[in-house]
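# Remarks on the overall topology
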Amino acid sequence: MNRSPAEPDEREFPAVELPPEIIEIARRLEEAGYETWAVGGALRDQLLGEDRGDVDLATAAPPEAVRRLFRHTVPVGIEHGTVGVLDPSRRLHEVTTFRRDVRTDGRHAVVEFGASLEEDLARRDFTINAIAYHPTRQQWADPFRGFADLREGVVRAVGNPARRFQEDYLRVLRAIRFAARFDFEIEPVTWAAAVTAAPGLRGLSAERVRDEWFKSLRTARALHRLVRLWHEVGAAAIWLPELRPTWPGGEVPREERDPVVLTALACASPAGVLHRLRCSGDELARAEALQRGPAQPASADEVAVRRWLAAVGEAAADHLLLVRYRGEEPDWLPVVQRVRERGDPVSRAGLAITGHDLMASGIPAGPEMGRVLDLLLDAVLADPSLNTRERLLELTRSLQ
Ligand code: ATP
Ligand code: MG
C-alpha cells in the first residue's frame, strides 16, 4: 500500500499506555458515535520519555453531548468547548470539542465547533503538540509530522509560521519555552517568523506573559539558553528590559526552582519586573525583600549572622536560595546553619519574655514597648545566653 507522506509509519511509533480512566471516557464517547482522540502535551511528553502531564481528549461530540453522556461534569471552559469529566475517583479529565478558529486577533481566538480532528490539530501551535492518539484503536494521527520533529528535536510551527504567530503572539514565547525545556532547535523559518512577530508581544496580557515566563523558568533544561532566546527573539526588550544579558547563575535542578527568586537573580529591579507582570501581593513582597536586602551578613561571625537573620526575617530563605542559584558557597553559609540548628533567637518572637512580662514590670504598651523589645533582641543577638526570662527582666530594669 502506498502511504502519503503525512501518514505515519506505525512501526516507528511506540505504543503508549494511557490511564484506564481516559480510555474509559474515550470508549463511552466513541460508543455514542463521537470520534475521540488523546491530544496535546501529554503525548509529546510520553514520546520523549518524560513524565506525562494530564492527558487531554479531543472529541467530535459537542459540549452538550459530553455533559449528557457523563454523570459528573464541570464546565471548565465551556466557551472554548472544554468540559471536565470526573472519573469515579473524582479526578477531572478535560474533554474538548474539535474546533477551528474563525477569528483571531493575536490574543484570543473565536472558535467554532463541528471541525474534524485534522482541523483541530491544524489550529495547534507546533507540530510536536499536534499529534493525536486514538485510545481504543491504538492508532496515531500525525498529519504535520510532529513525530519526526520530536525525534529530531525541532520546534516547528504548524502551517505558515508568520500567520500562526500573528494569530496568537504568545506562541513566540511558547516556542522558546519548548525549545529550552527539551533542548530543541527552533526550525529556521519558524524562528525568523518569531523574531518578526515579536513586537506583537506588546499586546499580550501581563498574566499570560508571566505564566509563560514562570513556566519557562521552571522547566528549561538550561536557564542560560532560555535567557539568550528571550533576548534574541526580542521578547526581553519588550517585557523584561531588566533581564541581564546572560544567565548570572549556575544550573539549577528543576525540583529546586522558584520562579520569583530566579527572576530576582536574572533581572535587575525584580520588584518592578514582577509588578509589571502582575504577580500576586505575596510574590511582590518577596521580590521587594530580596531587592531590599541586606543580601548577606556583614561578616561570617555568629553575631553578624544572627543580626542578618533578624534583619531579613522570613526573607532569609529566599536570600539563601539566591546564593544557591548563584552557585556560591560563602563562608557565612555554614554559620547560618549552625545558628539555626542551635535555635538561637533571631526575632522578637524568640525572646524568652513577652509583652505581658514587660507590662508587669512597668513598660507601657506602644512604641516604648517596641523600643525595649528591640533593645532586648539586640542584646540577645549579640549574646544568646542572655535569653532567659530573669536576665531579660534584669536588662529591662537597667534600661528604665
Ligand atoms: P505543558 O502543559 O507541558 O506546558 P502543553 O503542550 O500541554 O504543555 P498546554 O498549554 O497545556 O500545553 O496546551 C495543550 C495543547 O493545546 C498544546 O499541546 C497545543 O496543542 C495546544 N495549545 C495550547 N496553547 C496554544 C496556543 N497558544 N496556540 C495553539 N495551540 C495551543
Ligand atoms: Mg498541558
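Since the model is a prediction, treat every value here as computed from it, not as a measurement.

Taken together, the seven strands give an open sheet; going across it, the order is β3-β4-β5-β2-β1-β8-β9, and neighbouring strands pair in mixed fashion. The sheet is open, and its two edges are formed by β3 (73-77) and β9 (139-141), each paired on a single side. With direction set aside, neighbouring strand axes in the sheet form an average angle of 35°. Of the pairings in the sheet, the one linking strand β1 (residues 36-39) to strand β2 (residues 56-59) comprises four bridges and is antiparallel in character. Among the inter-strand pairings, W37 is bridged to a residue of β2, identified as A58.

Surveying the vicinity of ligand 1 reveals 14 residues, the closest of which are R44, N129, R171, R177 and R181. Within the side chain of R44, an N or O atom sits 2.8 Å from an oxygen atom of ligand 1. Between an oxygen atom of ligand 1 and a side-chain N or O atom of R177, the distance comes to 2.7 Å. Surface burial for ligand 1 is 73%, taken as the share of its 580 Å² of free accessible area covered by protein chains. Put simply, the parts of the chain that give the shell around ligand 1 at least two residues each are α2 (41-47) and α7 (170-182). Within the shell around ligand 1, the residues separate by chemical class into one nonpolar, three polar and ten charged.

Working note: non-glycine residues mostly have negative phi, and peptide bonds are mostly trans. Here G293 and P294 are connected by a cis peptide whose omega angle stands at -5°. In this structure, P294 sits in the loop between α14 (281-292) and α15 (302-312). The phi dihedral of D183 falls on the positive side, at around 60°, and the residue is not glycine. Residue placement: D183 occurs in the loop between α7 and β11 (185-186). Given a relative accessible area of 47%, D183 falls into the partly exposed group. Even without glycine at this site, S269 takes up a positive phi of about 50°.

Further remarks concern the packing of aromatic side chains. As enumerated under the stated definition, the model contains six aromatic pairs in all. Taking the centre distance of 4.9 Å and the plane angle of 65° together, the rings of W213 and W230 count as edge-to-face. Residue W213 is located in helix α9 (residues 206-219), and its partner W230 is located in helix α10 (residues 223-233); the two are separated by 17 residues in the primary sequence. Taken as a pair, W213 and W230 share a single burial class, namely buried. An aromatic cluster is present here, built from F126, F178, F182 and F184 joined pairwise through their rings.

Cut-offs and rules
- For every chain, the first residue of the written sequence is number 1, and numbering continues from 1 onward in sequence order.
- Going through the entries in the order they are written, you letter the chains from A and number the ligands from 1.
- pLDDT decides what is reported in this predicted model: residues at 70 or higher carry local features, side-chain atom pairs at 80 or more are listed and counted, and totals for whole chains, interfaces and linings draw on all residues regardless.
- Side-chain calculation: all heavy atoms of the structure are included, whereas hydrogens and water are not.
- Strand pairing is assigned whenever DSSP detects at least two bridges linking the two strands.
- By the criteria applied, helices consist of DSSP H or I runs no shorter than four residues and strands consist of E runs no shorter than two, each listed in order from the N terminus.
- Helix axes are fitted to C-alpha atoms over the stretch in contact, other axes to C-alpha atoms as well, and angles between N-to-C directions run from 0 to 180 degrees.
- We call a residue near a molecule or strand when any one of its heavy atoms sits within 4 Å of it.
- The term polar contact refers here to a pair of N or O atoms within 3.5 Å; inside protein, the definition further demands a hydrogen-donor-capable atom paired with an acceptor-capable atom, and it admits residues adjacent in sequence only when both atoms are side-chain atoms.
- Exposure was quantified through the Shrake-Rupley algorithm and a 1.4 Å probe, taking into account, for residues, occlusion by the shown protein chains and nothing else.
- Throughout this entry, Asp, Glu, Lys and Arg are counted as charged residues, while Ala, Val, Leu, Ile, Met, Phe, Trp, Tyr, Cys and Pro are counted as nonpolar. The remaining residues, Gly among them, count as polar.
- When accessible area is computed with a 1.4 Å probe and restricted to protein chains, residues below 20% of their type maximum are described as buried, those above 50% as exposed, and intermediate ones as partly exposed.
- When two rings of Phe, Tyr or Trp (its six-membered ring) have centres within 6.5 Å they constitute a pair, described as stacked for plane angles under 30 degrees, edge-to-face for angles over 60, and tilted for the intermediate range.

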